[in-house]
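Letter by letter, the chains look like this.
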Amino acid sequence: MRDISMILKSVWKSLFLFSAISVIAVSTVSAQDAKEGRTLFKAKCSSCHALDSKLIGPALTGVNDRHPEAFLLKWIPNSQGLVASGDPAAVKLFNENGKIAMTSFPELDEAKVKSILAYIKEGEPKPAAGAPGAVDANTTAKDGVSGLSIVGIVAIVLIAIVILVILGRASKLLERLILQKQGIEIEEDVPLKVGVRKMFKNKKFVMFFILCLIICLGSFGWMGMWNTGVHTGYQPVQPIKFSHELHAGINQIDCQYCHSGAFKSKNASIPSLNVCMNCHKAVQARDKYDGQISPEIKKIYNALGYDPETQKYDESKSKPMEWVRVHNLPDFAYFNHSQHVVVAEDAIRKAKGLQPTEPVCFACHGPVNTMEEIYQYSPLTMKWCINCHKETDISGQKNNAFYAKVIEAHEKIKKGEKITPALLGGLECGKCHY
């Protein structure tokens, strides 16, 4: 009988350890997968797909049931490669969706694809009707831990409590039987009443409860701090509903026509409204508004003090257009657009799998030509930048003037010749004037 009691105590300890590990696993792995999947979906998929409605591509709810996971793990990172290989399922899917080529994502490994599929399967509950921004019971504010994870944690804690109570009573019963067999008289116990007060008098239960509380609060705190300052998917309302899909996509206006600074300076620059007037002095979209000028184009005229009837400007009526910044790096982070879109263009294209017709801007800003309203496509975190710098191969930049100068400098150093800062770009304004 004593051996049985020892076994039960060992089982109790094992269950205690298992419960603690399960809480950690559910709160960090399961929740993190769905959360990471949502971030990746917003960054990589949302421009062409929605969960419950068809955009450029089909609605994705139920895709886990329509296609095997093994197929999706190959299709999502490189759909065109799978089609080119002659895979019957890939060819059929490609044909069913109008033979529209899906962007390749070579940077998505198997774990990231599984995270996206986990998010699609779980879905994203909508706020209750009449309560804008309301948080559903199955989700948490600011896209924190998923509802499924919270339910899992609560279920594990409740099961662990029930098991602890049952094992405690069984252990006491065995001790009574052992004492009775040894001829020791014992008084009848008052019937056990399991309540909150009695449970919290149990030191082991209190220790278990505190451990669970620390794990839960630590997980919530860690995930909250980890995502502080990360604004992937940020899409503010702009003073003019400027459609990149119409201008960069349908009309195929080159990025540098408006953002000329990206190719020659640190900043991409926000175009002045005078650039807009190059076209919209004549293009007024009257055919869509019963002969009236488009309300959005009118906002340009009002900001410039322009009268479309007389075609004259009145500076006294002009006022600056207050655009809302979307991509905002910390003040201590230095990023040079020209270094990336000119110097490293070929390397970035290769690393990100961009097509020859796609501008290199897509590597960071995503498929802007499909965005009705611009939003932050990439996380723009230090980790994201460092991973890109680790993975991008620049060894093939043979005809690049920037790297040619670096190689030239190294050759002179080998020969013992004089090297000056000017040869290494020391005369560039940005070296001193940040």
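Scoring rules and cut-offs
Residues numbered from 1 in each chain as written. Predicted model: local features only at pLDDT ≥ 70, side-chain atom pairs only at ≥ 80, totals over all residues. Heavy atoms only, no water. Disulfide = S-S within 2.5 Å. Helix = DSSP H or I, 4+ residues; strand = E, 2+ residues; numbered from the N terminus. Buried < 20%, exposed > 50% of the residue type's maximum accessible area, 1.4 Å probe, protein only. pLDDT = per-residue confidence, 0-100. Contact = heavy atoms within 4.5 Å. Phe/Tyr/Trp six-rings, centres within 6.5 Å; stacked < 30°, edge-to-face > 60°. Patch = residues over 30% accessible without salt bridge, like charges linked within 9 Å, V, L, I, M, F, W, Y side chains within 5 Å. Areas by Shrake-Rupley, 256 points an atom, 1.4 Å probe, with all protein chains shown as cover. Salt bridge = Lys/Arg side-chain N within 4 Å of Asp/Glu carboxyl O. Lys, Arg positive; Asp, Glu negative; His and termini not counted. Charge placed at Lys NZ, Arg CZ, Asp CG, Glu CD. Axes fitted to C-alpha atoms, helices over the stretch in contact; angles between N-to-C directions. Parallel < 35°, antiparallel > 145°, perpendicular 65-115°, else oblique. Left-handed = near helix turned anticlockwise from the far one by under 90°. Arc of directions from axis to C-beta. Core = buried A, V, L, I, M, F, W, Y, C linked by side-chain atoms within 4.5 Å. Domains from an automatic or database assignment.

Going by what an unreviewed UniProt entry lists, the protein is known as Cytochrome C and is assigned to Pedobacter paludis.

A. Representation of the state of the cysteines within the structure. Counted according to the given criterion, the structure contains zero disulfides. Lacking any disulfide linkage, Cys258 is separated from the closest cysteine sulfur, that of Cys276, by 6.7 Å.

B. A look at the side chain of His244. Here His244 lies in helix H10 (residues 244–250). Judged by its relative accessible area of 17%, His244 falls in the buried class.

C. Expanded view of the confidence of the model for the protein. Model confidence for the protein is summarised by a mean pLDDT of 80, while 81% of its residues fall at 70 or above. Per-residue pLDDT, averaged within each element of the protein, yields its smallest value for helix H1 (residues 2–45) (62) and its largest for helix H13 (residues 295–304) (95). Residue range residues 125–145 is modelled with pLDDT below 50. Its contacts to residues more than four positions away, or to other chains, number 23 contacts.

D. Structural context of the packing of aromatic side chains. According to the stated counting rule, one finds four aromatic pairs in the structure shown. Each ring, one from Phe41 and one from Tyr119, has its centre 5.3 Å from the other, and the planes form 55°; the classification is tilted. Of this pair, Phe41 sits in helix H1 while Tyr119 sits in helix H6 (residues 110–122), placing them 78 residues apart in sequence. The burial state of Phe41 is the same as that of Tyr119; both residues are buried. With 5.0 Å between their ring centres and 55° between their planes, Tyr301 and Tyr306 make a pair best called tilted. Residue classification places Tyr306 among the buried residues on the basis of a relative accessible area of 6%. Taken together, the aromatic side chains of Tyr301, Tyr306 and Tyr313 make up a single cluster linked through ring pairs.

E. Molecular detail of a positive patch on the surface. On the surface, Lys172, Arg197, Lys198 and Lys201 cluster together to form a positively charged patch. For Arg197, the position within the fold is in helix H8 (residues 196–200).

F. Region of the structure containing the environment of Asn227. Relative to the helices and strands, Asn227 is located in the loop between helix H9 (203–226) and H10. A relative accessible area of 28% means that Asn227 is categorised as partly exposed.

G. The packing of helix H12 (residues 273–280) against H13, seen in detail. Here H12 crosses H13 at 125°, and the two axes come no closer than 11 Å. Of the possible angle classes, the one that applies to H12 and H13 is oblique. Where H12 crosses over H13, the two elements pack in a sense that is left-handed. Of the residues in H13, those in contact with Leu273, Asn274, Cys276, Met277 and His280 of H12 are Ile297, Ile300, Tyr301, Ala303 and Leu304.

H. Local environment of H13. Regarding H13, the residues found buried are Glu296, Ile297, Ile300, Tyr301, Ala303 and Leu304. Taken down its axis, H13 places every buried residue within 165° of arc, on the same side. Its buried side turned inward, H13 meets H12, strand S1 (306–307) and strand S2 (312–313). Just downstream of H13 lies Gly305, where phi reads positive at about 70°.

I. Molecular detail of the nonpolar core. Ranked by size, the top nonpolar core spans 36 residues in total, and within it Phe41, Phe71, Trp75, Ile76, Leu108, Ile116 and Ile120 carry the most contacts. For this core, the secondary structure elements donating two or more residues are H1, helix H3 (69–75), helix H4 (79–84), helix H5 (88–96), H6 and helix H16 (362–365). Ranked by the residues each element gives to this core, the list is headed by H6, at five residues. Two domains each donate at least three residues to this core, and these are domain 1 (27–122) and domain 4 (244–387). Ignoring any residue separated from it by four or fewer positions in sequence, one finds Ile116 in contact with Gly37, Leu40, Phe41, Cys45 and Leu108. Core analysis: the next-biggest nonpolar cluster, separate from the first, contains twelve residues, Cys276, Ile293, Ile297 and Met321 among them.

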